[in-house]
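# Residue-level structural notes
The lines below spell out each chain.
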Amino acid sequence: MNTDDTPTVTINQSDTAAAHTQLLNWAAKAGPAKIITALRKHLEDGHSWGKTTLPVQLTEEERRQVRALLGTAWDASGRGVTPHILKTKMLKLGIDTDTAINLLYGDELINRREQRREHRANASAERQQALTILLDAGIHPTSAEAWMRRKGLPPAGHGQLLALTRSIAAAWQHLPHGTDTIMLSVLADAALDDPHALDRRAGRIGLDILRLADGDGHEDADYDGDGWRTAWEALGVICDPLSSRVLTLNLPLTGSAPACAITAAANQTGEPVWLTWRSLNGDFALDHYQRSPDPRVDVYVCENPTVVAAAADTLASRSYPLICTNGVPSGAVRKLLAGLAATGAHLHIRADDDTTGQAIVAQLMATLPHASLWRYQQRPAETINNPEYEERVLNTLLIDLTNTN
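Residues numbered from 1 in each chain as written. Predicted model: local features only at pLDDT ≥ 70, side-chain atom pairs only at ≥ 80, totals over all residues. Heavy atoms only, no water.

## Digging into unusual backbone geometry
- A positive phi angle, close to 55°, is found at Asn-326, a residue other than glycine.
- By the secondary structure assignment, Asn-326 is in the loop between strand E8 (322-324) and helix H15 (331-342).
- In this structure Asn-326 comes out as partly exposed when scored by relative accessible area, which is 41%.
- The phi dihedral of Arg-375 is positive, around 45°, even though this residue is not glycine.
- As for its placement among the helices and strands, Arg-375 is situated in the loop between strand E10 (372-373) and helix H17 (394-401). (Helix = DSSP H or I, 4+ residues; strand = E, 2+ residues; numbered from the N terminus. Buried < 20%, exposed > 50% of the residue type's maximum accessible area, 1.4 Å probe, protein only.)

## Some words on the nonpolar core
- Among the nonpolar cores identified, the biggest contains 37 residues, and Leu-134, Trp-147, Ile-168, Leu-198, Ile-209 and Trp-232 are the most heavily contacted of them.
- Mapped by element, the contributors of at least two residues to this core are helix H7 (112-136), helix H8 (141-148), helix H9 (160-172), helix H10 (184-192), helix H11 (205-214) and helix H12 (226-233).
- With eight residues, H9 is the largest single contributor of residues to this core.
- Listed in part, the 34 residues of the second largest apolar core include Val-246, Ala-259, Leu-337 and Tyr-376. (Core = buried A, V, L, I, M, F, W, Y, C linked by side-chain atoms within 4.5 Å.)

## Considerations on the pattern of salt bridges
- Under the defined criterion, the tally for this structure stands at 13 salt bridges.
- Asp-45 is paired through a salt bridge with Lys-41; the nearest N and O atoms lie 2.9 Å apart.
- Notably, a salt bridge pairs Arg-116 with Asp-45, separated by 3.7 Å at the nearest N-O pair. One end of the pair, Arg-116, is in helix H7; the other, Asp-45, is in the loop between helix H2 (30-44) and helix H3 (60-70), and 71 residues separate them in sequence.
- For Asp-45, a relative accessible area of 13% corresponds to the buried category.
- Three or more residues are tied together by salt bridges with common partners; here these are Arg-40, Glu-44 and Arg-112. (Salt bridge = Lys/Arg side-chain N within 4 Å of Asp/Glu carboxyl O.)

## Points about the pairing of strand E9 (residues 346-349)
- In this sheet, E9 lies alongside strand E7 (residues 298-302) in parallel orientation, the contact comprising four bridges. Note that in E9 the partner of Val-299 across the bridge is Leu-347.
- Note that E9 and E10 share two bridges and pair parallel. Residue Ile-349 lies in a different strand from E10, and its bridge partner there is Leu-373.
- After leaving E9, the chain enters helix H16 (residues 355-367) and then returns to the sheet as E10, a path that is right-handed. (Pairing = 2+ DSSP bridges. Right-handed = clockwise from strand over helix to strand, strands pointing away.)

## Describing H2
- The terminal C-alpha atoms of H2 lie 21 Å apart, and with 15 residues this matches the ideal 21 Å at 1.5 Å per residue to within 8%.
- Of all the residues in H2, the buried ones are Gly-31, Pro-32, Ile-35, Ile-36, Ala-38, Leu-39, His-42, Leu-43 and Glu-44.
- Close packing links the buried residues of H2 with helix H1 (16-27), H3, helix H5 (83-92), helix H6 (97-105) and H7. (Expected span 1.5 Å × (residues − 1). Contact = heavy atoms within 4.5 Å.)

## What to know about the packing of aromatic side chains
- Taken as a whole, this structure holds three aromatic pairs when the rule is applied.
- For the pair Tyr-300 and Tyr-320, a centre-to-centre distance of 6.3 Å together with 45° between the ring planes defines the contact as tilted. Within this pair, whereas Tyr-300 is found in strand E7, its partner Tyr-320 is found in the loop between helix H14 (305-314) and E8, the two being separated by 20 residues in sequence.
- Since its relative accessible area comes to 7%, Tyr-300 is described here as buried.
- These aromatic residues form a ring-pair network of at least three members: Tyr-300, Tyr-320 and Trp-374.
- In this arrangement the basic side chain of Lys-335 is found over the ring face of Trp-277, its NZ or CZ atom lying 3.9 Å from the centre. (Phe/Tyr/Trp six-rings, centres within 6.5 Å; stacked < 30°, edge-to-face > 60°. Lys NZ or Arg CZ within 6 Å of the ring centre and 35° of its normal.)

## Re the sheet that holds E10
- What the six strands build is an open sheet, ordered E5-E3-E8-E7-E9-E10; its pairing is mixed. The two strands at the open ends of the sheet, each matched to only one other strand, are strand E5 (273-276) and E10.
- The sheet contacts of helix H13 (residues 258-267) involve strand E3 (245-249) and E5, and relative to E5 the element is tilted by about 180°. (Axes fitted to C-alpha atoms, helices over the stretch in contact; angles between N-to-C directions.)

Interpretation note: all reported values are geometric properties and have no functional meaning in isolation.
This is how it looks when you write it as structure tokens:
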């Protein structure tokens, strides 16, 4: 008789209870316990009772314990343990695989292969649903798809990605449109019921909104400090009513807003002045009778402070009203221009003729439909081969700004 096919301990195969007890006693020992644990993982990973060797390291004593079921011939062969040989030996005891699983594990095995398949399906469905939420909120498809490919997003399949995109979408839909502005805390409270939910240190929602608004979604975009405030202001959201500013020269304002008194004082000497977003709270309108009875209500808009400085040095109080965006328009710039446009001012807009300048002018012209271009031609960014900066046409701009009245 081949001893490899016979258990070391003789069991009356008709005594089912004794066979079950023998198997359980065998499985309780250290070596067999390792085998049983490895077998469970093997089966739950979707593998069969085949001849693949289980990845188990046994000591000499543990191998002796395993031999009690698998036989001396197996032990002498030096082979590892396979599900197939376990199945064969248990069948000789009258124990089939279903019974063995119930005895050894006490419950049904988890089908991890099916579980992984279901998780992949759930993750795919959640990613698609998250993308749909972003698109339905009005986020540009290119930006949304690029954001969905970003590293570091919550793993899909457990609801975390959906929760994040729902918060982003809620805040996005509360962003101001056109030339309107809103405080960041007010936006957060209205959209997420928490005035601090979009704070820089509150979590990732605010950062992800800025990355989506960026379009290109640069991994290394700097949103610390000034970068954070500037990025929000480009969306019309004010982080700090005192840090959001607009540079002006000879801007005669009338109304209840503090900016009216500030500009009136500066206009006496033709000195440029920075106005904060806070100083524009209240009513204001262009007062073209403040310095002289000039019927013109023209206001010029440039991108670079260099133009303002040159106008102040050369023309002083003889310059027509001039507003400088100082790069991408801040919330204060948007608020001032919107207020002036609403009260009848004729805005003449320009910037550097480069990619950024074209984007600035496009944004302002889109939100100020009655404005006109000031010695400027809008064109696609990809056609700009030789940028022309405002400093190169400064003398021409100063001629336009000269008030001869």
